[in-house]
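# Observations on chain architecture
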Amino acid sequence: MALPFLPPPPIDGSDILEPVLAGRSGASSVMIGRAGALARLIDLVDAAEIVDGDQPAVALIAGEAGIGKTRLVRELLAALGPGVPTFIVAGEPGSIGRAHGALGDFSTGDDPTGCLLRAIEEGVAKATAVLVVEDVHWLDAGSAAAVDAIARQPWPTLVLGTLWAALFTWI
């Protein structure tokens, strides 16, 4: 008899990742063994806030499916608090063939990238903002171009991506 999937309790400020977690069984309500990685991400955000540069810090969380990449992102967002504007772009299996598919609600209209850029500009009222790109390996070309355009702006403070490490050759 299979046990029913019970989602973890919501974490303040990170409920925006719930659609990404939908259907993923085994999601624990407690993060185990990632305190060092979480501390490095928090330090990266803190350092990016004081650096006077024209591009955000970028971090990639790579690992096998189910290892806890999204959980680590949720913990970071919870640590940053609900006042930090956070924008999510999530690739999905099969989305490579759908232009701007990962941009969700921003993928309507003639200029999805411009629509997303305007939404982020309007939403960034503080020095700290985070762009999360879940499942980078599933991004279509249009969504990847939009992420690239965002990463070239003086905001967000951090661009954080998750991906399957097995799909890439690391040099």
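Keep in mind the model is a prediction, meaning the values are calculated, not measured. The residue numbers shown here count from 1 along each chain, following its written sequence. Thresholds applied to this predicted model are a pLDDT of at least 70 for local features of residues and 80 or more for the giving and counting of side-chain atom pairs; totals over whole chains, interfaces and linings are not thresholded and use all residues. Side-chain descriptors were evaluated using all non-hydrogen atoms of the structure, hydrogens and water having been removed beforehand.

Stacked, edge-to-face and tilted are the three classes for Phe, Tyr and Trp ring pairs, Trp counted by its six-membered ring, which pair at centre distances within 6.5 Å; planes under 30 degrees apart are stacked, over 60 edge-to-face, the rest tilted. Taken as a whole and assessed by the stated rule, the structure comprises one aromatic pair. Note on Trp138 and Trp164: the rings are 6.1 Å apart at their centroids and 75° apart in plane angle, and the pair reads as edge-to-face. Within this pair, whereas Trp138 is found in the loop between strand 3 (130–134) and helix 5 (141–151), its partner Trp164 is found in strand 4 (residues 158–164), the two being separated by 26 residues in sequence. Only protein chains enter the area calculation, which uses a 1.4 Å probe; residues under 20% of their type maximum are buried, those over 50% are exposed, and those in between are partly exposed. Overall, Trp164 belongs to the partly exposed group, its relative accessible area being 30%. Only DSSP runs of H or I reaching four residues or more are called helices, and only runs of E reaching two or more are called strands; each is numbered from the N terminus.

When DSSP finds two or more bridges between a pair of strands, those strands are recorded as paired. In space, the four strands of this open sheet follow the order 1-4-3-2, with parallel pairing throughout. What marks the edges here is a single partner per strand, and that holds for strand 1 (57–63) and strand 2 (86–90). Direction aside, neighbouring strands of the sheet carry axes that sit 15° apart on average. Where strand 3 lies against strand 4, four bridges are found, and the strand directions are parallel. Note on strand 4: the bridge partner recorded for Val133 is Gly161. All axes are obtained by fitting lines to C-alpha atoms, using only the stretch in contact for helices, and the reported angles, taken between N-to-C directions, cover 0 to 180 degrees.

Further remarks concern the environment of Ala144. Mapped onto the fold, Ala144 is located in helix 5. For the pair Ala144 and Ala99, spaced 45 residues apart in the sequence, the C-alpha separation amounts to 10.0 Å.

We now examine the pattern of salt bridges. Salt bridge, as applied in this entry: a Lys or Arg side-chain nitrogen positioned within 4 Å of an Asp or Glu carboxyl oxygen. Evaluated as defined, the whole model comprises two salt bridges. In this structure, Glu75 engages Arg71 in a salt bridge whose closest nitrogen and oxygen atoms are separated by 2.6 Å. You can see Glu75 and its partner Arg71 sitting in helix 3 (residues 69–80), four residues apart, about one turn around the helix. Arg71 shares its class with Glu75; the two are buried.

Our focus in this paragraph is helix 3. One fewer than the residue count of a helix, multiplied by 1.5 Å, yields its expected span. Over its twelve residues, helix 3 runs 17 Å from end to end, which matches the ideal 16 Å to within 8%, given 1.5 Å per residue. When you tally the buried positions in helix 3, you get nine out of twelve residues, the bulk of the element. Taken as a whole, helix 3 has its buried residues at Lys69, Thr70, Arg71, Leu72, Val73, Arg74, Glu75, Leu76 and Leu77. Backbone geometry just downstream of helix 3 places Gly81 in the positive-phi region, at approximately 95°.

With respect to burial, strand 4 is a largely interior element, six of its seven residues being buried. Note: strand 1 against strand 4, seven bridges, orientation parallel. Paired with Ala59 across the strands is Leu160, a residue of strand 4.

Relative accessible area serves as the criterion here: at 13%, Arg71 is assigned to the buried category. Only 2.6 Å separates the side chain of Arg71 from the side chain of Glu75, close enough to count as a polar contact. For the purposes of these results, a polar contact is taken to be a pair of N or O atoms within 3.5 Å, where, inside protein, one atom must be able to donate a hydrogen and its partner to accept one; residues adjacent in sequence count only when each atom of the pair is a side-chain atom.

Time to look at unusual backbone geometry. Phi at Asp135 is positive, roughly 55°, even though this residue is not glycine. When you line up the elements, Asp135 lands in the loop between strand 3 and helix 5.

Turning our eyes to something else, we now look at helix 5. For helix 5, the complete set of buried residues consists of Gly142, Ser143, Ala146, Val147, Ala149, Ile150 and Ala151. Between a side-chain oxygen at the N-terminus of helix 5 and the backbone nitrogen of Gly142 the separation is 3.0 Å; the capping residue is Asp140.

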